[in-house]
Amino acid sequence: MKRRLFSVTLAASALALSLPATAQTKWDLPAAYPATNFHSVNLATFASDVEKATGGKLQITVHPGASLFKAPEIKRAVQGGQAQIGEILLAAYQNEWQMFGADGLPFLATSYADSMKLYQAQKPILEKKLAEQGMTLLYTVAWPPQGIYSKKPLASAADLKGSKWRAYSPATSRIAELVGAQPVTVQAAELSQALATGAVEANMTSGATGVDSKLYEHLKFYYDVQAWLPKNAIIVNKRAFDALDKPTQDALRKAGADAETRGRAASQKVNTDTLAILKTNGMAVEPPSAALKADMQKVGETMLKEWLEKAGPDGQAMLDAYKK
């Protein structure tokens, strides 16, 4: 009897192992921002949509707040298969490939409409590069326009000289150099601590990050320069994607397209809402002075010229397509 029971158990185990991987597939999705951030909320809805659309066949667990991998590690984790899907800030990888940083160039695309136009010019090149690296681009969502946070009032860029400037990408580091500030690399998950310890005195980011990190507790001025709208991208390991059956792939792509549309609308609402929250918490939210705006636009012109020199013909072709 025992031998017979053992044989039945063994047969059942063998059957379970022989079932296709798509019977129930579980993916991890590392993300760098707090669970309450609009990107993370959008990811949670996306994961839920995928599970519903596939009848539980594909289950995606979102790991916000850099809890699974730190922000700079996420792309490599997806590329290497440690995570099947992940969210990255494209501009953070500009040193790896210049085209990743196109939407982090100051004053190239300063509105949601221009940001989308830039993405349409950038997208085919991004898809090709990611495919070469063993990944698939699923969707992107732009952050709200970037402004300058400071401990002290800023009449011009000269007032930033010597200040400790939080950098989160090659472009934000270069801005610091051009205005004479001291770049300090700090990821979003560590920003509150950096402010509390005085490691950061000025910062260029969105109203959304300003509220997430409670910048109003440490910095008193926000200048709404609307310099650029960097994008977060959802990337998928190509082997993991190819292992899914066609209906599951289609469901994943559909949920991604819905998340892109939903995220874009959420970003615009968040921009308005978070600037109001900054004001409510005592932060001075102001347009930049003519001098500060002119100074920052000069920085943008310098950086665009430098970027084109490094990006070469591909960069020029993308820029030409964007400006059509």
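One can find the structure itself at the top, above this paragraph.
Residues numbered from 1 in each chain as written. Predicted model: local features only at pLDDT ≥ 70, side-chain atom pairs only at ≥ 80, totals over all residues. Heavy atoms only, no water.

Helix and strand counts for the protein come out as ten helices and eleven strands. In terms of overall size, the protein behaves like a compact globule, its C-alpha atoms giving a radius of gyration of 22 Å where 324 residues would be expected to give roughly 20 Å. By its C-alpha atoms, the protein is 85 × 45 × 30 Å across when sized along the principal axes. Taking all 324 residues of the protein together, 50% fall into the buried category. Here the protein displays about 14900 Å² of accessible surface, and carbon together with sulfur accounts for 54% of that area. Computed over 37 positive and 30 negative side-chain charges, the inter-centroid distance for the protein is 5 Å. (Helix = DSSP H or I, 4+ residues; strand = E, 2+ residues; numbered from the N terminus. Rg over C-alpha atoms; globule rule 2.2 N^0.38 Å. Buried < 20%, exposed > 50% of the residue type's maximum accessible area, 1.4 Å probe, protein only. Areas by Shrake-Rupley, 256 points an atom, 1.4 Å probe, with all protein chains shown as cover. Lys, Arg positive; Asp, Glu negative; His and termini not counted. Charge placed at Lys NZ, Arg CZ, Asp CG, Glu CD.)

Here Val-299 shows up in helix H10 (residues 290-323). Of the residues examined, Val-299 reaches a relative accessible area of 7% and is grouped as buried. As a C-alpha pair, Val-299 and Glu-177 span 122 residues in sequence and 9.9 Å in three-dimensional space. The contact partners of Val-299, leaving out residues within four places of it in the chain, are Ile-175, Leu-178 and Val-179. (Contact = heavy atoms within 4.5 Å.)

Within helix H5 (residues 170-179), seven of the ten residues are buried, which leaves the element mostly enclosed by the surrounding structure. When we look at burial in H5, the residues that qualify are Pro-170, Ala-171, Thr-172, Ser-173, Ile-175, Ala-176 and Val-179. Buried residues belonging to H5 abut strand S6 (164-167), strand S7 (182-185), strand S8 (202-205) and H10. Taken from the residues just after H5, Gly-180 is the one with a positive phi, measuring 80°.

This next bit is on the packing of H5 against H10. For any two helices packed against each other, one specifies the crossing angle of their axes together with the interaxial distance. Closest axis-to-axis distance for the H5/H10 pair is 10 Å, and the angle between their directions is 125°. Between H5 and H10, the angle is such that the two are oblique. Viewed along their axes, H5 and H10 form a crossing whose handedness is right-handed. Across from Ala-171, Arg-174, Ile-175, Leu-178 and Val-179 in H5, the residues of H10 making contact are Met-296, Val-299, Thr-302, Met-303 and Glu-306. (Axes fitted to C-alpha atoms, helices over the stretch in contact; angles between N-to-C directions. Parallel < 35°, antiparallel > 145°, perpendicular 65-115°, else oblique. Left-handed = near helix turned anticlockwise from the far one by under 90°.)

Here we come to the pairing of S7. Pairing of S6 with S7, which is carried by four bridges, proceeds in the parallel orientation. Bridge pairing links Ala-167 to Thr-185 in S7. For the handedness criterion, the β-α-β arrangement of S6, H5 and S7 is classed as right-handed. (Pairing = 2+ DSSP bridges. Right-handed = clockwise from strand over helix to strand, strands pointing away.)

So, about the nonpolar core. Ranked by internal contacts, the top residues of the largest apolar core, which has 82 residues, are Phe-46, Ile-60 and Leu-252. Examining the composition of this core, we find that ten residues originate from one element, H10, more than from any other. In this structure, Phe-46 is in contact with Leu-29, Ile-60, Ile-85, Leu-138, Tyr-139, Leu-252, Ala-255, Gly-256, Ala-259 and Arg-262, ignoring residues within four places of it in sequence. The next biggest cluster of nonpolar side chains, apart from the first, holds 15 residues, and it includes Tyr-149, Ala-194, Tyr-216 and Leu-278. (Core = buried A, V, L, I, M, F, W, Y, C linked by side-chain atoms within 4.5 Å.)

It is worth spelling out the environment of Ala-257 at this point. Structurally, the position occupied by Ala-257 is in helix H9 (residues 246-280). Overall, the relative accessible area of 42% leaves Ala-257 in the partly exposed class. Through-space distance from the C-alpha of Ala-257 to that of Thr-140 is 9.1 Å; in sequence the pair is 117 residues apart.

Spatially, S3-S10-S4 is the arrangement adopted by the three strands of the open sheet, whose pairing is antiparallel. The open sheet terminates on both sides in strands that have one partner only, identified here as strand S3 (85-89) and strand S4 (135-142). Averaged over neighbouring strand pairs, the angle between their axes works out to 25° when direction is ignored. With seven bridges connecting them, S4 and strand S10 (residues 231-237) associate as antiparallel partners.

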